[in-house]
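These are the residues of each chain, in order.
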Amino acid sequence: MTQVKHCQIAIMGAGVAGCIAALALSRHFQVLLIDKQAACPDKVGECLPPAAARILRSLDLLHAFEQRQDLHMPNYGIRSHWGSEHGLINDTLSNPDGTGWQLNRAGFENWLREQVTARGIETLWPAKLLDAQPGSDGWLLHLAKQTQVQASAQSIAVPCHFVIDATGRHSAFATKLGLKRKVLDKQIALWASLDCAMENQLACINTSPQGWWYSAKLPAQRRILALQTDSDLLKKGLQHDLSQFCRLARSQAGLKALLPKGIEQSGSMQLHGVVSANSTCLTQTAGHRWAALGDAACSFDPLSSQGMFNAMATAMQLTNSLIGHGLTDPSAMIDIARLHQTQIGTIWQHYLSHRAHYYGQEQRWPDAPYWQRRHTQKNAEFS
Ligand SMILES: Cc1cc2nc3c(=O)[nH]c(=O)nc-3n(C[C@H](O)[C@H](O)[C@H](O)COP(=O)(O)OP(=O)(O)OC[C@H]3O[C@@H](n4cnc5c(N)ncnc54)[C@H](O)[C@@H]3O)c2cc1C
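Residues numbered from 1 in each chain as written. Predicted model: local features only at pLDDT ≥ 70, side-chain atom pairs only at ≥ 80, totals over all residues. Heavy atoms only, no water.

Asks: Looking at this model, I keep getting lost on the overall build of the protein. Mind explaining?
Replies: Of regular secondary structure, the protein possesses 11 helices and 23 strands. Along the first, second and third principal axes, the C-alpha atoms of the protein reach 60 × 45 × 45 Å. The 383 residues of the protein split such that 51% are buried. By sequence separation, contacts in the protein at least 24 residues apart represent 71% of the contacts at least 6 residues apart. On the protein, roughly 17100 Å² of surface is accessible, and the fraction owed to carbon and sulfur atoms is 53%. Here the protein contributes 35 positively and 29 negatively charged side chains, and the mean placements of these two sets differ by 4 Å. (Helix = DSSP H or I, 4+ residues; strand = E, 2+ residues; numbered from the N terminus. Buried < 20%, exposed > 50% of the residue type's maximum accessible area, 1.4 Å probe, protein only. Contact = heavy atoms within 4.5 Å. Areas by Shrake-Rupley, 256 points an atom, 1.4 Å probe, with all protein chains shown as cover. Lys, Arg positive; Asp, Glu negative; His and termini not counted. Charge placed at Lys NZ, Arg CZ, Asp CG, Glu CD.)

Dropping the structure here:
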């Protein structure tokens, strides 16, 4: 039997974008937050920029977040070997918003989910979107909820006035509508985490002919190490071979000291595998009573370290539009979609020019395909 769950705004995806949108919108609307996963699993992407403090404060989350010392540590800055063998340090010490944080990323997202439930917002997970039917004043979503007691999924219908697609790079709702993404490149990240008692708390970036490496300290004396390259340039089998991954990392001058001899056999280092890390943007980011947020709207190269902030900021922008216009006036709904498209379009244009600028600064391997591709690309094709 199909269960019916009414709400005004259905948010697909309980990552950073979805949780922040749910927390902000729930002050004014009846919200349902849906995710395909019962909890956030291990996840890469740990640097939360200082400006995020303003958004957390505006939602009365900052104090509680700061109390949770197990979820974060200060981010003092980064040493980058980009375009030169000499390291450049960019510190956060003089930032008026503070230093920002290095997160236990899964811990942070699960904490955000706890804040959502603690504020009485209705949630549905794990649940998958099967179908979405438009109506004159909203949508009818059909979902399948997996339960622990029943072998078969439970069918749930969600009538709502507005849908937010916050499903990350999958943009699951927009994809159901037949929309496509502009894809700039084939970048992936192969990432590992390891025990690390070293005191040096600066993150570091090192370039190499096949891409670039990133490493940063995490809470609980852990460290992340990731190689960014294009999927077709990744050496075959590397994503399953910790020893080979360590050998390659040790060949980078700046990374050798992070990987003590024998760590790959010690059980204290895990190779998590490959995730998409390319730059992509939906061809349409809002429409009839729906809008896409965060990575679902546009996903950035990890070099920017702005993905989570963008997810939070786009959630707050859309919230302000929805509060300002309400959900009833059809012409206001059209204005909201237009404004959202324009705002995301502006963010994307700025991002494209920053990306071209940063990749243009590394000219040491003019014959390496990874760098050639980025130097010859024309932004206009992806605007
Ligand atoms: C290698 C790497 C390093 C990065 N480093 C940083 C960094 O240091 N700092 C930073 O700010 N950003 C970083 N990012 C980017 C950052 O992780 C993303 O921008 C951020 O996760 C976007 O949040 P989101 O909520 O939009 O999407 P996501 O985090 O992708 O969340 C989407 C949610 O939707 C759910 N979902 C997916 N499909 C469905 C479906 N069909 N139905 C229901 N739910 C669904 C998922 O389970 C998930 O919970 C990095 C990214 C990569 C790849």
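And the narrative resumes.
Asks: Teacher, can you tell me more about the pairing of strand S3 (residues 31–34) here?
Replies: Successive residues of a regular strand alternate their side chains across the two faces of the sheet. Side chains Val31 and Leu33 of S3 all project onto a buried face; the interleaved residues Leu32 and Ile34 project onto the opposite face, where all are buried too. Bridging between strand S2 (residues 9–12) and S3 involves 4 bridges; their strand directions are parallel. Of the residues in S3, the one forming a bridge with Ile11 is Leu33. Regarding topology, helix H1 (residues 16–25) serves as the crossover connection from S2 to the parallel S3, and that connection is right-handed. Pairing analysis gives 3 bridges linking S3 to strand S9 (residues 122–124), with the strands arranged parallel. Note that in S9 the partner of Leu33 across the bridge is Thr123. (Pairing = 2+ DSSP bridges. Right-handed = clockwise from strand over helix to strand, strands pointing away.)

Asks: For this particular structure, what's the right way to read the domain arrangement of the protein?
Replies: Interfaces are often sized by the amount of accessible area the parts lose when they come together. Once the domains are mapped, the protein shows domain 1 (3–46 + 104–183 + 280–349) and domain 2 (187–276). Taken over C-alpha atoms, the centre of domain 1 sits 32 Å from the centre of domain 2. The largest contributions to the domain 1 side of the interface with domain 2 come from Val44, Glu46 and Leu303, which together make up 51% of the buried area. At the surface where domain 1 touches domain 2, the tally comes to 0 salt bridges. Applying the counting rule to domain 1 against domain 2 returns 2 residue pairs in polar contact (both at pLDDT 80 or more). For the side of domain 1 that touches domain 2, the residue count by class is 3 nonpolar, 1 polar and 5 charged. (Domains from an automatic or database assignment. Buried area = accessible area lost by both parts, 1.4 Å probe. Salt bridge = Lys/Arg side-chain N within 4 Å of Asp/Glu carboxyl O. Polar contact = N/O pair within 3.5 Å; in protein donor to acceptor, adjacent residues only side chain to side chain. Nonpolar A, V, L, I, M, F, W, Y, C, P; charged D, E, K, R; others polar.)

Asks: Sorry, what's going on with helix H6 (residues 242–250) here?
Replies: At 3.6 residues per turn, the α-helix brings residues three or four places apart onto the same side. Within the sequence span of H6, burial applies to Leu242, Gln244, Phe245, Cys246, Ala249 and Arg250. On its buried face, H6 is in contact with strand S15 (187–195), strand S17 (211–218), strand S18 (222–230), helix H7 (263–266) and strand S19 (269–276).

Asks: When you look at the site of the ligand in this model, what are you seeing that I'm missing?
Replies: Residues in close proximity to the ligand total 32 residues, the closest being Asp35, Lys43, Arg105, Asp295 and Met308. Contact between the ligand and Ala17: an oxygen atom at 2.9 Å from a main-chain N or O atom of the residue. Protein contact buries 90% of the 1000 Å² of open area that the ligand shows by itself. When residues of the shell around the ligand are traced back to their parent elements, those giving at least two are H1, helix H8 (294–297) and helix H9 (307–325). With 3 residues, the top contributor of residues to the shell around the ligand is H9. Residue composition of the shell around the ligand, grouped by class: 13 nonpolar, 13 polar and 6 charged. Viewed by domain, the shell around the ligand spans two of them, domain 1 (3–46 + 104–183 + 280–349) and domain 2 (187–276), each represented by three or more residues. (Near = heavy atom within 4 Å.)

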